[in-house]
Amino acid sequence: MAEELTPETPEESGEEPIKQRKNGLYPGVSDELAENMKSGWADTELHGLEPIAQAEHTARRRAALSARFPGERLVIPAGNLRTRSNDTEYAFRASTEYAYLTGDQSEDGVLVMEPVAGAKGTDGSGGHEATIYLLPRSDRENGEFWLDGQGELWVGRRHSLAEAEQLLGIPAKDVRKLPEQLREATGPVRAVRGHDAAIQAALTDKVTAERDEELRVFVSEARLIKDEFEIAELQKACDSTARGFEDVVRVLDRAEATSERYIEGTFFLRARVEGNDIGYGSICAAGPHATTLHWVRNDGAVRPGELLLLDAGVETTELYTADVTRTLPINGRFTPLQRKIYDAVHEAQEAGIAAVRPGAAFRDFHDAAQRVLATRLVEWGLLGDLDVEKVLELGLQRRWTLHGTGHMLGMDVHDCAAARTEAYVEATLEPGMCLTVEPGLYFQADDLTVPAEYRGIGVRIEDDILVTEDGNRNLSAALPRDADEVEAWMAQLKG
Ligand code: GLY
Ligand code: MN
Ligand code: MN
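Residues numbered from 1 in each chain as written. Chains lettered and ligands numbered in written order. Predicted model: local features only at pLDDT ≥ 70, side-chain atom pairs only at ≥ 80, totals over all residues. Heavy atoms only, no water.

*Asks:* Just checking my understanding: could you explain the overall build of the chain for this structure?
*Replies:* If you tally the helices and strands in the chain, you get 18 helices and 19 strands. When the backbone C-alpha atoms are referred to their principal axes, the chain occupies close to 85 × 55 × 40 Å. Sequence-distant contacts, at least 24 apart, represent 70% of the contacts inside the chain between residues at least 6 apart. Carbon and sulfur atoms make up 50% of the accessible area of the chain, which totals about 22,500 Å². Here the chain holds 54 positive side-chain charges and 88 negative ones, and the gap between their average locations is 3 Å. (Helix = DSSP H or I, 4+ residues; strand = E, 2+ residues; numbered from the N terminus. Contact = heavy atoms within 4.5 Å. Areas by Shrake-Rupley, 256 points an atom, 1.4 Å probe, with all protein chains shown as cover. Lys, Arg positive; Asp, Glu negative; His and termini not counted. Charge placed at Lys NZ, Arg CZ, Asp CG, Glu CD.)

Here is the structure:
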């Protein structure tokens, strides 16, 4: 006889309830089918797995964290799937803090750093034991593998806890038991907020916003200096991004026949095939859209004779992103006015990049680029009879330069955003930091203070610059920036 749901109910078994399939189409399940589904499955456990490439780096990052917070339990969640509608979810991306400290990207995962009794941890060793809490493989016996919305039959095979331990080098336990354990735990706790509501709820009475923020700030500042694994990932991201830009140039005629969406889709293909995703919403801004800094609607026309401002970055499979902008003449040749504005931005970028070196103030590259742009704007007669010093003092160039000249780059496009002012914007550059240098000039279509021919032109050039021991290295140098070189590169790609 067909019954609504024959496997043992959670109440009967005393186990955590199996979540219902979310599509609402729960079929009748006979005793026979339920019994049948329990068996006949091969043992697919994997043995002798090699640790992931960054395991030694994640161990060192956890040791630094341990040294900073001796005697305290630290809880760092990956986050959960977020519903888009009904049983459909947004693409999942693990929290940066979790991925940085574990190398894992599983939804629902949680890293817990448990203080070791008596250990001070001030030397960075032995202060904590790390455990990673994960969803284990789906049980066949209780039916969760096919009756639960997160069952492996629906979402694909997960690593077993034993496999995860081998890969990550961290002991792994079942995350479904963690909220209860956290509720019962005693002693000081800090957690990274905003990713996992169930974990946060379990800690409500134990944490404070201020102490949790100190944890977030520490991880953000730890990421200011990239290790060798991270630098290689950022180079990979830039190399993929360069290929994505080439893809776009090759299909500009198809974009002209459709819209900016063709550019967005073309770049996205490269990001998904070579990496995890795009690192942020691609800005595919043709013509006057280039003057809108966050133009991500990408639904406008692509017209020959106008410029395309393309700001896009591939995020690697290990979650490091590039952030690159090129401003390209859609038909392959700059007009004299477009070139004049482009050359000024290029000159400003060169001055900015030249100011990136160890020991320089973080603000130096911004100031250097702004000085060049202000000089050109004065020369072009756009600021009356004010001289450059006065313009800079009053910041009047900002009507057209609009934004800061760059930011830290890494796992987040605006990386290390929780770092304290004194550790970031008021600090000096150090080898291993990676930042963007991205000056721009933007003349809005309705700006009556500039000659009509300037209106609707926006130019930005953005590269990803690594601070080295003796200066810097441009990780995105594969893409040309000089106007002549841009035209030659486009001619070659367009055939
Ligand atoms: N694409 C965002 C930025 O350049 O900061
Ligand atoms: Mn940027
Ligand atoms: Mn950008």
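Don't stop here, the text continues.
*Asks:* Help me out: how do you make sense of the environment of Ala417 in this one?
*Replies:* Structurally, Ala417 is set in the loop between helix H17 (398-401) and strand E15 (434-437). Put simply, Ala417 and Ala491 are 74 residues apart on the chain and 39 Å apart in space, counted from C-alpha to C-alpha.

*Asks:* Whenever I open this one, the coordination of the manganese ion (ligand 2) confuses me. Can you help?
*Replies:* Each donor-metal-donor angle in an ideal tetrahedron of four donors is 109.5 degrees, and each such angle in an ideal octahedron of six donors is either 90 or 180 degrees. The manganese ion (ligand 2) binds to the protein through Asp323 (OD), His407 (NE2), Glu438 (OE) and Glu462 (OE), with metal-donor distances spanning 2.0 to 2.2 Å. What the six donor atoms of the manganese ion (ligand 2) show is an angle range of 52 to 154° at the metal, which sorts the shape as irregular. In this structure, the manganese ion (ligand 2) lies 3.3 Å away from the manganese ion (ligand 3), the two metals sharing Asp323 as a donor. Placement of the pair is His407 in the loop between H17 and E15 and Glu438 in the loop between E15 and strand E16 (440-443), with a sequence separation of 31 residues. Note on His407: relative accessible area 10%, which makes it buried. Overall, the relative accessible area of 8% leaves Glu438 in the buried class. (Donors = N, O, S within 2.8 Å, 3.2 Å for Na, K, Ca; no water. Tetrahedral: all angles 85-135°; square planar, octahedral: opposite > 155°, others 65-115°. Buried < 20%, exposed > 50% of the residue type's maximum accessible area, 1.4 Å probe, protein only.)

*Asks:* Honestly, the side chain of Asp463 in this entry has me stumped. Any pointers?
*Replies:* Take Asp463: it is sitting in strand E18 (residues 463-468). Judged by relative accessible area, Asp463 falls into the buried class, the value being 0%. Within the structure, the side chain of Asp463 is placed 3.3 Å from the side chain of Asn474, a separation counted as a polar contact. Those residues in contact with Asp463 that lie beyond four places of it in its chain are Arg326, Gln349, Leu435, Thr436, Val437, Asn474, Ser476, Ala477 and Arg481. (Polar contact = N/O pair within 3.5 Å; in protein donor to acceptor, adjacent residues only side chain to side chain.)

*Asks:* Mind showing me how you'd approach the side chain of Asp104 here?
*Replies:* As for its position among the elements, Asp104 is in the loop between helix H4 (96-102) and strand E6 (110-115). For the buried Asp104, which has no salt bridge, the nearest side chain bearing the opposite charge is Arg158, at an N-O separation of 10 Å. At a separation of 2.9 Å, a polar atom in the side chain of Asp104 contacts the side chain of Ser106. With residues near it in sequence (within four places) discarded, Asp104 still touches Ala94, Tyr98, Ala99, Ile132, Leu134 and Leu168. (Salt bridge = Lys/Arg side-chain N within 4 Å of Asp/Glu carboxyl O.)

*Asks:* I would appreciate a short explanation of the site of ligand 1 in the present structure.
*Replies:* In the region of ligand 1, the neighbouring residues are Tyr280, Asp311, Asp323, His407, His414, Glu438 and Glu462. The contact in question runs from an oxygen atom of ligand 1 to an N or O atom on the side chain of Asp323, over 3.2 Å. Note that an oxygen atom of ligand 1 is positioned 3.0 Å from one of the side-chain N or O atoms of His407. Protein chains shield 85% of the accessible area of ligand 1, which is 190 Å² for the free molecule. When its residues are assigned to classes, the shell around ligand 1 shows one nonpolar, two polar and four charged. (Near = heavy atom within 4 Å. Nonpolar A, V, L, I, M, F, W, Y, C, P; charged D, E, K, R; others polar.)

*Asks:* Whenever I open this one, empty space enclosed by the protein confuses me. Can you help?
*Replies:* Leftover empty space is mapped by rolling, across the atoms, a probe with the size of a water molecule. Tallying each qualifying case throughout the model produces one cavity of 30 Å³ or more. Volume-wise, the largest cavity comes out at about 30 Å³. Lining the largest cavity, in full, are Pro77, Ala191, Val192, Arg193, Asp196, Ile199, Gln200 and Leu203. Partitioning the lining of the largest cavity into residue classes produces five nonpolar, one polar and two charged. (1 Å grid on protein atoms, 1.4 Å probe; cavity = no way out; pocket = protein on both sides within 12 Å on 5 of 7 lines; lining within 4 Å. Points joined across faces, edges and corners; volume = space filled by probe spheres on them.)

*Asks:* Explain helix H14 (residues 336-354) here, please?
*Replies:* Structurally, the α-helix is built with 3.6 residues per turn, so residues lying three or four positions apart point the same way. Here H14 spans 27 Å end to end across 19 residues, near enough to the 27 Å set by a 1.5 Å rise per residue. Every buried residue of H14 is listed here: Leu337, Gln338, Ile341, Tyr342, Ala344, Val345, His346, Ala348, Gln349, Gly352 and Ile353. (Expected span 1.5 Å × (residues − 1).)

*Asks:* How do you make sense of the coordination of the manganese ion (ligand 3) when you look at a structure like this?
*Replies:* Within the protein, the manganese ion (ligand 3) binds to Asp311 (OD), Asp311 (OD), Asp323 (OD) and Glu462 (OE); these donor distances fall in the range 2.0 to 2.3 Å. Around the manganese ion (ligand 3) sit six donor atoms; with metal-centred angles ranging over 58 to 170°, the donor geometry is irregular. One chain supplies every donor to the manganese ion (ligand 3), and in sequence these donors are spaced D-x11-D-x138-E.

*Asks:* Is there a simple way to explain the packing of aromatic side chains in this structure?
*Replies:* The description of two aromatic rings rests on the distance between their centres and on the angle between their planes. The full count for this structure, using the stated rule, is nine aromatic pairs. Note on Trp41 and Phe145: the rings are 5.3 Å apart at their centroids and 70° apart in plane angle, and the pair reads as edge-to-face. Here Phe145 lies in helix H5 (residues 144-147) and Trp41 lies in the loop between helix H2 (31-37) and helix H3 (55-68), a separation of 104 residues in the sequence. Phe145 gets classed as buried once you look at its relative accessible area, which sits at 1%. Here a set of aromatic residues connected by ring pairs shows up, and it is made of Trp380, Trp400, Phe443 and Tyr454. (Phe/Tyr/Trp six-rings, centres within 6.5 Å; stacked < 30°, edge-to-face > 60°.)

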